[in-house]
Amino acid sequence: MDKSTIICRCEEISLEEIVEVIANGARTFDDIKRLTRCGMGPCQSKICNCLVAGVIHEQTGMEFHQIPLPRMRMPISPIKLETLATNSTTFSSVKSVLDEVELEDGKVK
Amino acid sequence: MHIKHHPVLGEQLQKTITIYFNDLPYTAYEQQTVAAALMANGIKRLGSSRNLVQPRGLFCTKGRCCSCYATINGEDHVRTCQTMVEDGMKIYPNDEDPEVRGECCGD
Amino acid sequence: MNAVETDVLIIGAGPAGLAAAFETASRGLQVTLVDESKSMGGQLVQQTQVLSSLPSIYQPMCGFELAAHLSRQLEDFEIRYLLGHRVIGFYKDGSVGITDEKNVFPLRAKKTIVATGASENAIAFPKWTLPGVMTIGAAQTLMNRNFVQPGKNAVIVGSSDFAMDVALQLSKVGVRIRGIVEKNTGVKANGTEKVEQVRKIGIPILLNSSIKEARGIGAVSEVDIQQGEDIWTEKVDLVCVDGGRSPILDIFYQLGCSFGHQEELGGWVPQYNNDFQTDCENVFLAGNAAGISTQGALLVTGMLAGINVCAALGAISKEAVEEGKQSLWKELESIETRSNLKVWQARNQHIEKFAHPVLKDQFIS
């Protein structure tokens, strides 16, 4: 692998870009995702997840069990908005970003 | 290339179907996915990447990588590895993002 | 629209899902089986090699034959088949969203068995994104399921047992394998017989080597292979990457299950106890999703998850459960210690850590 090797096929994020954000303190897939868009394309990190974990391991020496999984939100695979919207009123709500942070008095802890 | 005589499964390819890629006709068989049928006809590039405009094609065949996206019968971003061929299907490569911000789309 | 109700929802109609469906449906439970594919059997359908280490009641057979057998076994029962359907996620009230690509509808199950299987890991090298570079499983699917020759001249990156199987199959349909490239000092495959067969038909196995770069306009046309100091070019139109497999976890993640890490089981694996029950009471798992193993073991885990779900829903007597569990665990031990002892040890370690998962409450950052 050289530094221009693509790690995230969808968003075309190179090894160099990922190494750079790790050098700046990124330690998890989601850190890297927020800084580079890695894993935000149509496959939603299904392909680059293991590659990114490998890069984190190589760059930081962290063991694989110390590198958490990326978030996996609904929808699990691509779906037409037209399809997703069917029967929308009969469904309970989905887990939202707000469910993912701990709130205290309506503010993020 | 289609495998007419499979070493284990025998002669499975019987019913031919015509599909169109960039308006040109190609022969496919009913058991095949769109991506596979195109590959049998020597077509591997199914689209271009969004940033660097690099060629993309089939990668995982399991509907996960989305690398085989193409436009089928007017619908953009269809996973061609998960779509079976149908007679007369019109397929175009996924070369640019669809226009969603135009006036016609209410922007 | 009211949610569809079912006793047991089985996600994935591969070997584990079908085995679980038999155990539950045959004891009178109402079973719903979902799979994205329109056909049953999952990845078994394109396995044309004879499967080793099946449970003792089975004759040796190929994957596609096993798929047909497992589907036939369900014919006597009333099962709601949702083939060509996908699970898109879970809602706050616990119902699952299922789509037939036109509509999304909610489904509510008393117990869920997740048998989503495994996905193949990628291997990156410069220009691995070119068309013609694909996973080894993709090449096999094209050849054995779609009857398409994926290329004429190929290299395979990785040397697992599966890579050896596919190398032999590709050769039989006229693909010339220019080499099997392995980065380590030894072949990864355990099956020495298969490795011997591969060598015998003249496929070079290159150790300590890697792909330095792929090139091509519109599709791959050549690769540079590096072995030590030597670098040379092979003209190929197919590169198959065999990066190993990992459990597919999206559904467990959405359900809020905990995870542990076991390298030998494929990395992150949902945490489960010896009933194949996750830390979400109503969620069971089976197959490769519970750790990568051989097809025989996958069947047994499906049966185990199935009878434990029957027990949880009171569809089987206590004695029968205990007896069934004991014999199935024995079978699993026998298969896994024979085919890959490390997997068996990792599975036991994983179960021991049920109460102490590494990743928990991952929805809360």
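If you're wondering where the values come from, they're calculated on a predicted model, not measured in any experiment.

Student: Even after reading the chapter, I still don't get the overall build of chain C, so can you show me in this structure?
Tutor: A tally of regular secondary structure across chain C gives 9 helices and 19 strands. Its C-alpha atoms give chain C a radius of gyration of 21 Å, near enough to 21 Å, the size a compact globule of 365 residues would have. A principal-axis box enclosing the C-alpha atoms of chain C has dimensions of 65 × 45 × 45 Å. Residues classed as buried in chain C amount to 61% of the 365 residues present. The contacts of chain C with a sequence gap of at least 6 include a subset with a gap of at least 24, amounting to 63%. Each charge class in chain C was averaged separately, 33 positive and 40 negative side chains, and the resulting centres sit 3 Å apart.

Student: It is not clear to me how the layout of surface pockets should be interpreted in this structure. Could you clarify?
Tutor: It is the rolling of a water-molecule-sized probe over the atoms that shows where space remains empty. All names here are of chain C. One number sums up the size of the second largest pocket: a volume of about 260 Å³. As for the second largest pocket, its lining consists of 18 residues, and the residues nearest its centre are F90, G94, T112, L255 and V283. Looking at which element gives the most residues to the lining of the second largest pocket, the answer is strand β6 (residues 104–114), with 5 residues. Here the residues of the lining of the second largest pocket sort into 9 nonpolar, 4 polar and 5 charged.

Student: What's the story with the sheet that holds strand β9 (residues 153–157) of chain C in this structure? I'm lost.
Tutor: Two pairing modes exist for strands in a sheet, parallel and antiparallel, and in both the strands are linked by backbone hydrogen bonds. Residues and elements named next belong to chain C. The sheet built from 5 strands is open, its strands ordered β8-β15-β9-β10-β11 with parallel pairing. Edge positions in the open sheet fall to β8 (133–135) and β11 (205–206), since each of these has one partner strand only. As paired elements, β8 and strand β15 (residues 238–241) share 3 bridges and run parallel to each other. If you follow T135 over to β15, its bridge partner there is V241.

Student: Got a minute to help me understand the interface of chain C and chain B in this structure?
Tutor: Taken together, the contacts link 39 residues of chain C with 29 residues of chain B. Taking both partners together, chain C and chain B bury about 2700 Å²; carbon and sulfur atoms supply 63% of that area. At the junction of chain C and chain B, the tally comes to 2 salt bridges. K62 of chain B is the salt-bridge partner of E120 of chain C, the closest N and O atoms lying 3.9 Å from each other. Joining chain C to chain B, the criterion identifies 11 residue pairs in polar contact (both at pLDDT 80 or more). Counting residues per element, the side of chain C that touches chain B draws most heavily on helix α3 (residues 136–144) of chain C, which supplies 6 residues.

Student: What am I meant to see in the confidence of the model for chain C here?
Tutor: Regions with low pLDDT should not have their predicted coordinates read in detail. The predicted model of chain C averages 96 in pLDDT, with 99% of residues at 70 or higher. If you check the scores for this complex, the pTM reads 0.95 and the ipTM reads 0.94.

Conventions and cut-offs
Residues numbered from 1 in each chain as written. Chains lettered and ligands numbered in written order. Predicted model: local features only at pLDDT ≥ 70, side-chain atom pairs only at ≥ 80, totals over all residues. Heavy atoms only, no water. Helix = DSSP H or I, 4+ residues; strand = E, 2+ residues; numbered from the N terminus. Rg over C-alpha atoms; globule rule 2.2 N^0.38 Å. Buried < 20%, exposed > 50% of the residue type's maximum accessible area, 1.4 Å probe, protein only. Contact = heavy atoms within 4.5 Å. Lys, Arg positive; Asp, Glu negative; His and termini not counted. Charge placed at Lys NZ, Arg CZ, Asp CG, Glu CD. 1 Å grid on protein atoms, 1.4 Å probe; cavity = no way out; pocket = protein on both sides within 12 Å on 5 of 7 lines; lining within 4 Å. Points joined across faces, edges and corners; volume = space filled by probe spheres on them. Nonpolar A, V, L, I, M, F, W, Y, C, P; charged D, E, K, R; others polar. Pairing = 2+ DSSP bridges. Buried area = accessible area lost by both parts, 1.4 Å probe. Salt bridge = Lys/Arg side-chain N within 4 Å of Asp/Glu carboxyl O. Polar contact = N/O pair within 3.5 Å; in protein donor to acceptor, adjacent residues only side chain to side chain. pLDDT = per-residue confidence, 0-100.

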